[in-house]
Amino acid sequence: MDIEIRPIRHVLALAGQRNFARAAEQLHLSQPALSRSIARLEEALGVALFDRTPEGAIPTAYGRVVIERGQDILRRGQELQRELDLMQGLETGAVSIVAGPFPHAISAGTAVSRFLAVHGGLRVHLAQQSPRGAVAPVLDGSVDLGIADLREWGDDPRLQVEPLPPHVGLWVARADHPLAGRRDLTLADVLAYRLICAVLPRQFAEHFGDCPAAGQADPEEGVFYPAVTLDTLSFGPMIAAASDAIMLTTVGIAAVGLERGELAILGLHLPWQQTAYGFLTRRNRTPSPATLAYMACVRAVEAEAMAEERRLLAHHLGPGFVSASR
């Protein structure tokens, strides 16, 4: 008996959602079409894969076996497609990237537009994740490339890493914030206010200590959740300009609010206030030509972003600050 892969995808979606309507929406199918697909597979196999209950579609013992084996089938299919794409170079295929919040905002998205301008026949999937969340899909092979914080992963033997240039971190608040203009600020002063940022790696929790107003460390996940946790950093300057919360960001992300006079850079500059992200690929897995071409685009965008950052820092903080921060 031959089993097609598409119904396996349908089974996995239904198992994840436990609801035909939600699974159909995820798969971009109509609910009747999904129901027919599952029913046909059950008829072909001669067993029921799901119990239809008031609590939802619950996998039977047979269904659990199909789900377990189906996940492996799909992974193997992805690897096969990837090998074929490698053979065809940059003429066809896809590249999948997952980026942490800072590289996503600074270079990953812009690099996609440049990449597709040259390689229009390729498909690209760019997702954003927390610093730790960006590593898992690299390790399991579901994405080609991660761009994420390297502080915890530089010595991991499973990964090949390449650092990208560090960007200076700044504390930014609304222009008339109580801390704006003060020259004697301490970290405790800043962390007495709500912090706006993406999820931060564990090293920040070590610097922050016990600061409930600013956010909370999660020892199990090994991350720090700011009081105002953002997936998309571009919203942060707007929130800071309208509240007492303080944003930890780069000058490029805050540039518009600074130019408008809505935001001010606070006078606290510590050595560890910088990004430390870079490329992550799975060791012993040859990057595809498309992945290598995209990485080249990221490097070019990063070089331009660094030049603009130096200009903005010199404008707002003086040329001496730029020299001292490098």
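Our structure's up above, just so we're on the same page.
Residues numbered from 1 in each chain as written. Predicted model: local features only at pLDDT ≥ 70, side-chain atom pairs only at ≥ 80, totals over all residues. Heavy atoms only, no water.

Engineer: How should I be thinking about the packing of helix α5 (residues 101-118) against helix α11 (residues 289-317) in this particular structure?
Structural biologist: Helix packing geometry: the angle between the two helix axes and the distance between the axes. Between α5 and α11, the least distance of the axes is 8 Å, while the angle of their chain directions is 125°. Compared by their axis directions, α5 and α11 come out oblique. Here α5 and α11 pass one another in a crossing that is right-handed. Mapping the contact onto sequence places Ile106, Ser107, Ala108, Thr110, Ala111, Val112, Arg114 and Phe115 in α5 and Ala290, Ala293, Tyr294, Cys297, Val298, Ala300, Val301, Glu302, Glu304 and Ala305 in α11. A per-class count over the contact of α5 with α11 returns 13 nonpolar, two polar and three charged. (Axes fitted to C-alpha atoms, helices over the stretch in contact; angles between N-to-C directions. Helix = DSSP H or I, 4+ residues; strand = E, 2+ residues; numbered from the N terminus. Parallel < 35°, antiparallel > 145°, perpendicular 65-115°, else oblique. Left-handed = near helix turned anticlockwise from the far one by under 90°. Contact = heavy atoms within 4.5 Å. Nonpolar A, V, L, I, M, F, W, Y, C, P; charged D, E, K, R; others polar.)

Engineer: How do you make sense of the nonpolar core when you look at a structure like this?
Structural biologist: A general feature of soluble globular proteins is that nonpolar side chains tend to end up buried together. Ranked by size, the top nonpolar core spans 64 residues in total, and within it Ile147, Trp171, Phe208 and Tyr294 carry the most contacts. For this core, the element with the most residues is α11, which contributes nine residues. Not counting residues within four places of it along the chain, the set of residues in contact with Tyr294 comprises Ile97, Ala108, Ala111, Val112, Phe115, Leu145 and Ile147. Of all hydrophobic cores here, the second largest spans 18 residues; its members include Phe20, Ala23, Leu49 and Leu74. (Core = buried A, V, L, I, M, F, W, Y, C linked by side-chain atoms within 4.5 Å. Buried < 20%, exposed > 50% of the residue type's maximum accessible area, 1.4 Å probe, protein only.)

Engineer: Would you mind showing me how to read the pattern of salt bridges here?
Structural biologist: Side chains carrying opposite charge are able to pair once their charged atoms draw close together. Going through the model one piece at a time under the given rule, you end up with 12 salt bridges. For Asp176, the salt bridge goes to Arg174, with nearest N and O atoms at 2.4 Å. Shared partners join several salt bridges into a network, and the residues in it are Arg174, Asp176 and Asp244. (Salt bridge = Lys/Arg side-chain N within 4 Å of Asp/Glu carboxyl O.)

Engineer: Would you mind showing me how to read the pairing of strand β3 (residues 94-99) here?
Structural biologist: On a regular strand, one side chain projects to one face of the sheet and the next to the other, so that they alternate. With five of six residues buried, β3 is to be regarded as a mostly interior element. Two strands pair when backbone bridges link them, and β3 and strand β4 (residues 123-128) are joined in this way by six bridges, in the parallel orientation. Residue pairing for β4: Ala99 is matched across the bridge by Gln128. Remark: the β3/α5/β4 crossover connection has right-handed handedness. Across three bridges, β3 lies against strand β5 (residues 145-149) in parallel orientation. Paired with Ala99 across the two strands is Ile147, which belongs to β5. (Pairing = 2+ DSSP bridges. Right-handed = clockwise from strand over helix to strand, strands pointing away.)

Engineer: Got a minute to help me understand unusual backbone geometry in this structure?
Structural biologist: Glycine aside, residues mostly have negative phi, and peptide bonds are mostly found in the trans state. The phi dihedral of His28 falls on the positive side, at around 60°, and the residue is not glycine. Mapped onto the secondary structure, His28 falls in the loop between α2 (20-27) and α3 (31-45). Its relative accessible area of 74% is what places His28 among the exposed residues. One non-glycine residue, Asn284, adopts positive backbone phi at about 70°. Looking at where Asn284 falls in the secondary structure, it is placed in the loop between β15 (277-282) and α11.

In short, shape yes, function no, at least from these values alone.
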